[in-house]
Amino acid sequence: MLAKKAIKTQKRWEQTQEKREEDKKITVDHLLKKQDSKVGKNSRLKSSKKEIYMFSYVNNRDMVGLSVPASYSFPMEVQGERGVPAARLCGAPGCRNPRRYSCSRTGVSLCSLQCYKVNLAAHKMLQEAA
Ligand SMILES: [Zn+2]
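Residues numbered from 1 in each chain as written. Predicted model: local features only at pLDDT ≥ 70, side-chain atom pairs only at ≥ 80, totals over all residues. Heavy atoms only, no water.

Chemist: Provide a residue-level description of the nonpolar core, including the pertinent values.
Modeler: Generally speaking, soluble globular proteins have nonpolar side chains that are buried together. Of all hydrophobic cores here, the largest spans eight residues; its members are Cys90, Ala92, Cys95, Cys103, Leu110, Cys111, Cys115 and Tyr116. Every residue in contact with Cys95, bar those within four places of it in the chain, is listed here: Cys90, Cys111 and Cys115. (Core = buried A, V, L, I, M, F, W, Y, C linked by side-chain atoms within 4.5 Å. Buried < 20%, exposed > 50% of the residue type's maximum accessible area, 1.4 Å probe, protein only. Contact = heavy atoms within 4.5 Å.)

Here it is, written out as C-alpha cells:
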C-alpha cells in the first residue's frame, strides 16, 4: 500500500517535472521569437533610415549614364544664377554712392565721413523737431 502510494507520488512528480520542462520550452521559444521579431523590427527601422538618395555615374564600354533615385525628377531642373543682391546705397540725404559702412549712432548706411556728418546733422534736426 505504501509502495503503491510512493509510486503514485513519484509518477505525479515526474509528470509535474515534465510539465515544467514543457512550460520552460514554451517560454524560451516565446522569448526567442520575441527577440527575433524585435531584431526584425530594428533592422527594418534601420533600413528605412538608410534610404539615402543614390546617384551613380556609369561610364563603361556599353554606356555612359547617370542613374538617379526613382523619387528624383529627371532631367534635373536647371538652376539659374542667383540674382546679385541689390547694391545698398548711402543713406545720407542727397547721396547715391554705394554703402561702405553704417553709422554707429543711427545705423544708416553711409559712404564717407562727409555723409556721416550730413546724416548725423539730419538725424539731430529730426530729433529736435520731434
Ligand atoms: Zn554718401
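Chemist: Quick rundown of the pairing of strand S2 (residues 64-67)? Include the residues and the values.
Modeler: Judged from the four bridges that link them, strand S1 (residues 56-59) and S2 form a sheet pairing that is antiparallel. Residue pairing in the sheet places Val58 in a bridge with Gly65 of S2. (Pairing = 2+ DSSP bridges. Helix = DSSP H or I, 4+ residues; strand = E, 2+ residues; numbered from the N terminus.)

Chemist: Tell me what's going on with a negative patch on the surface, and back it up with residues and numbers.
Modeler: On the surface, Glu14, Glu18, Glu22 and Asp23 cluster together into a patch of negative charge. Position of Asp23 among the secondary structure elements: in helix H1 (residues 2-49). (Patch = residues over 30% accessible without salt bridge, like charges linked within 9 Å, V, L, I, M, F, W, Y side chains within 5 Å. Areas by Shrake-Rupley, 256 points an atom, 1.4 Å probe, with all protein chains shown as cover. Salt bridge = Lys/Arg side-chain N within 4 Å of Asp/Glu carboxyl O. Lys, Arg positive; Asp, Glu negative; His and termini not counted. Charge placed at Lys NZ, Arg CZ, Asp CG, Glu CD.)

Chemist: Residue-level account of the coordination of the zinc ion, with values.
Modeler: Reference geometry at the metal: tetrahedral coordination by four donors gives ideal angles of 109.5 degrees; octahedral coordination by six donors gives 90 or 180 degrees. Taken together, Cys90 (SG), Cys95 (SG), Cys111 (SG) and Cys115 (SG) make up the protein donors of the zinc ion, found 2.2 to 2.3 Å from the metal. If you look at the zinc ion, its four donor atoms make angles of 105 to 118 degrees with each other, and the shape they trace is tetrahedral. Positions of the donor residues of the zinc ion, expressed as sequence spacing, correspond to C-x4-C-x15-C-x3-C. Using a relative accessible area of 13% as the deciding quantity, one classes Cys95 as buried. (Donors = N, O, S within 2.8 Å, 3.2 Å for Na, K, Ca; no water. Tetrahedral: all angles 85-135°; square planar, octahedral: opposite > 155°, others 65-115°.)

Chemist: Give a description of the environment of Val64 that names residues and reports values.
Modeler: In this structure, Val64 sits in strand S2. Note on Val64: relative accessible area 57%, which makes it exposed. For Val64, the contacting residues outside a window of four places in its chain are Tyr57, Val58 and Asn59.

Chemist: Just give me the short version of the pattern of salt bridges, but keep the residues and values in it.
Modeler: Summed over all chains, the structure comprises one salt bridge. Glu21 is the partner of Lys24 in a salt bridge, and the nearest nitrogen-oxygen pair spans 3.8 Å. Taken together, the residues Lys24 and Glu21, both in helix H1 and three residues apart, mark about one turn of the helix. Using a relative accessible area of 52% as the deciding quantity, one classes Lys24 as exposed.

Chemist: Tell me about a nonpolar patch on the surface, and please be specific about residues and values.
Modeler: A surface patch of nonpolar side chains, about 850 Å² in accessible area, is lined by Tyr53, Phe55, Tyr57, Val64, Leu66, Tyr72, Phe74 and Met76. As for its placement among the helices and strands, Tyr72 is situated in the loop between S2 and strand S3 (101-102). According to the relative accessible area criterion, Tyr72 is partly exposed, its value standing at 35%.

Chemist: Tell me about helix H2 (residues 113-129), residues and numbers included.
Modeler: Each turn of an α-helix holds 3.6 residues, which means side chains three or four residues apart point in the same direction. For H2, built from 17 residues, the straight-helix expectation of 24 Å at 1.5 Å per residue is met to within 8% by its first-to-last C-alpha distance of 24 Å. Structurally, H2 contributes buried residues whose contacts are with S3 and strand S4 (109-110). (Expected span 1.5 Å × (residues − 1).)

Chemist: So, the side chain of Ser109: which residues are in play, and what are the values?
Modeler: Along the polypeptide, Ser109 turns up in strand S4. A residue is classified by how much of its surface remains accessible, and Ser109, at 10% relative accessible area, is buried. Reaching out from Ser109, the side chain makes a polar contact with the side chain of Arg99 at a distance of 3.0 Å. Among residues more than four places away in sequence, those in contact with Ser109 are Arg88, Leu89, Cys90, Gly91, Ala92, Arg99, Tyr101 and Ser102. (Polar contact = N/O pair within 3.5 Å; in protein donor to acceptor, adjacent residues only side chain to side chain.)

Chemist: So what about the side chain of Asn119? Which residues, and what values?
Modeler: Along the chain, the position of Asn119 falls in helix H2. Each residue touching Asn119, except ones within four places of it in the same chain, is listed here: Ala92, Pro93, Cys103, Thr106, Val108 and Leu110.

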